[in-house]
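Each chain, written out:
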Amino acid sequence: MNDLTTSAHVAITGNTPTGEAVTFRRAADVSHLVNSSTQARSNARIVIGIALGGVFLDAYDLGALAFGMKDVTREFGLSPTGAGMVASAIAFGAIVGALIGGYLTDKIGRYRVFMADMFFFVFAALACAFAPNEYVLTAARFVMGLGVGIDLPVAMAFLAEFSKLKGRGNKAASIAMWCPTWYAAISISYLLVLFFYTVLPEAHTGLLWRIILGFGAVPAILIICIRSRYMSESPVWAANQGDLHGAAAILRNSYGINAHVAEDADLSPATRGRRASWRNYGELLKGVYLRRTILATVTAIASAFAYNAVAFGLPVILSSFLAQSMLTTILVSLALNLLFAFVGGILAVRLVPKFGAWKMTTLGYCFQFVALVGLALVGRPGDGAEAAISIAMLALFLLGQGFGPGSHTMTFASLSYPTSLRGVGVGFNQTLMRGSSTVSLFMFPLLSAALSTNVFWVIALAPLAGLIALLAIRWEPSGYDVDAEDYVRGT
């Protein structure tokens, strides 16, 4: 058997193998090469960049609709309940998508799932743009959520399985890149809103939300084209299925490692005692994985609830509480996301290899709790000084989200489980996190209408719950070789 007889997809474009030949005999050797490689990794970085494409689209669509909800509500005559239905549809779709995507990611491989899910974005974006009523818009947003839910488990698997274990740019840092990517997408959606807001005639500003949502099909089509050229299957997943020849081909292509399979190599699946199955969701609640699952789940739910309420409500907060014009609201929202949320995400990527995800998440939740309590105490600003304090508290919240839970809840979800469980692990986490998002997006308009600024007291309970979970379970995933657990199970 030669290295061409493999079902694992190898990218069309890649590196030329250099250096001495490296021979391996089992799946654990492949995992070790990925974790410790210092050879050229240009294509691996491209893979990591492409893996963030779905994250970008998820954030883009959330940010775009945030500014359009007033126009959607007015055009379709929505009640607060109807507005909550439209706003939460994408998160509800992601709940279903995450469960399906987590299983398929482990069952049929990372690459096949990764190529298929972008079509959900294309179809849904166009359907949103031409939606004749709130029901079609809600259904299209649900389909878009399916794509988001399917994409994130496989994206996180790629980030973890194409990154080294320790040092700058390690697995935790690569996964944390999802956070600044998210905020970059939010900022781009704000810029697009600003652009179309300034160029559209005033009589046609009601079309703004349709243009912005429909534009989401453009990056989705580009991502499909790029993925087909540069993406390979995960070498660790391929090796765990017994496809060492495919893993060797991917290592040569994506890493430039002159990898070959030994004549006496063990070609049996490394995870034959834990094959992909719906039952693997139950494995997350057993043994050592139970504590990790509890921590990853609680912190993810808390982060999603608080962030979605504040981020989705940010334009409403600025325009209603601070009595600003639409243009000022867009500019202030853009500045807050770029200067605090995005910068916080960059800090998370740079600092997590040194300080770890646990410490940074704990500090981030502390920042958020203080910020939300401050917003609740100030209430509706009565003068310029109180308005400045409210904006400063929003900035503190977004900074804490950026370098803390916003970046590292996904780290806990992705690096708490080995390759054989990573898809279902992230899928389970995303299902519950998206459930929290659905509740948050649905309830925020209702709670805001009923409680006004006192809604921040309710939101503050989320980071408090995250802090309690972190103090109770001190699990540090950064720098820990969790993939090795697949090879020491005695199966």
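The preceding data block contains the structure.
Each residue is numbered by its place in its chain's sequence as written, counting from 1. The predicted nature of this model means local features are confined to residues of pLDDT at least 70 and side-chain atom pairs, given and counted, to a pLDDT of 80 or more, with totals for whole chains, interfaces and linings taken over all residues. Side-chain numbers come from the whole structure's heavy atoms, not from hydrogens or water.

What follows deals with the packing of helix 17 (residues 357–378) against helix 22 (residues 461–472). Axis definition: a line fit to C-alpha positions, over the contact stretch in the case of helices; interaxial angles, taken between N-to-C directions, run 0 to 180 degrees. Helix and strand assignments follow DSSP, with helices taken as H or I runs no shorter than four residues and strands as E runs no shorter than two, numbered in order from the N terminus. Remark: helix 17 packs on helix 22, axes separated minimally by 9 Å, with the N-to-C direction vectors making an angle of 150°. Accordingly, the angle class assigned to the pair helix 17 and helix 22 is roughly antiparallel. At the point where helix 17 passes helix 22, the crossing takes the left-handed sense. Residues W358, T361, T362, Y365, C366, Q368, F369 and L372 of helix 17 touch helix 22, and the partners they reach there are P463, L464, G466, L467, L470 and L471. The residue inventory of the contact of helix 17 with helix 22, partitioned by class, reads 10 nonpolar, four polar and no charged. Angles are sorted into four bins: roughly parallel if under 35 degrees, roughly antiparallel if over 145, roughly perpendicular if 65 to 115, and oblique for all others. Helix crossings fall into two classes, left-handed where the near helix is turned counterclockwise from the far one by less than a right angle and right-handed where it is turned clockwise. Two residues qualify as a contact provided that any one of their heavy atoms is within 4.5 Å of a heavy atom in the partner residue. Under the grouping applied here, Gly and all other residues not named as nonpolar or charged are polar, the nonpolar ones being Ala, Val, Leu, Ile, Met, Phe, Trp, Tyr, Cys and Pro and the charged ones Asp, Glu, Lys and Arg.

So, about the pairing of strand 2 (residues 257–261). Consecutive side chains along a regular strand alternate between the two faces of the sheet. Burial status follows relative accessibility: with a 1.4 Å probe on protein chains alone, a residue under 20% of its type maximum counts as buried, one over 50% as exposed, and anything between as partly exposed. Within strand 2, four of the five residues are buried, leaving the element largely enclosed by the surrounding structure. Of the strand pairs in this sheet, strand 1 (residues 18–24) and strand 2 are connected by four bridges, and their pairing is parallel. Each bridged residue has a counterpart across the sheet, and for T23 the counterpart in strand 2 is H260. One bridge is not enough; two strands pair if DSSP finds at least two bridges between them.

This paragraph deals with helix 10 (residues 208–215). With six of its eight residues buried, helix 10 lies for the most part within the structure. Restricting attention to buried positions, one finds in helix 10 the residues L208, W209, R210, I212, L213 and G214.

Further remarks concern the nonpolar core. Of all hydrophobic cores here, the largest spans 130 residues; its most connected members are F24, L137, M156, L251 and I459. The leading source of residues in this core is helix 7 (residues 134–161), at 13 residues. What L251 contacts, discounting residues up to four positions off in sequence, is F24, V30, L33, V34, P235, G256, I257 and A259. Membership of the second largest hydrophobic core comes to eight residues, among which are Y281, L284, V424 and F428. The criterion is simple. A nonpolar core is a set of buried Ala, Val, Leu, Ile, Met, Phe, Trp, Tyr and Cys residues joined through side-chain atoms within 4.5 Å.

This next bit is on the pattern of salt bridges. Any two side chains of opposite charge can pair, on the condition that their charged atoms come close. A carboxyl oxygen of Asp or Glu within 4 Å of a side-chain nitrogen of Lys or Arg is what we treat as a salt bridge. If you walk through the whole model with that rule in mind, you get 11 salt bridges. Note that R227 and D151 form a salt bridge whose closest N and O atoms lie 3.3 Å from each other. Residue R227 is located in helix 11 (residues 217–230), and its partner D151 is located in helix 7; the two are separated by 76 residues in the primary sequence. Each member of the pair, R227 as well as D151, is classed as buried. What you see here is one network of salt bridges that share partners, running through D106, R110, E161, R422 and D483.

Another point: the packing of aromatic side chains. Aromatic pairing here means that ring centres of Phe, Tyr or Trp (its six-membered ring) are within 6.5 Å. Orientation follows from the plane angle: under 30 degrees is stacked, over 60 is edge-to-face, and everything else is tilted. Summed over all chains, the structure comprises nine aromatic pairs. Seen in terms of ring centroids, F92 and F142 are 5.8 Å apart; in terms of plane orientation they differ by 40°. Their pairing is tilted. Here the residue F92 occupies a position in helix 4 (residues 80–107), and F142 occupies one in helix 7, the gap between them amounting to 50 residues. Taking the relative accessible area as the measure of exposure, F92 reaches 46% and is therefore partly exposed.

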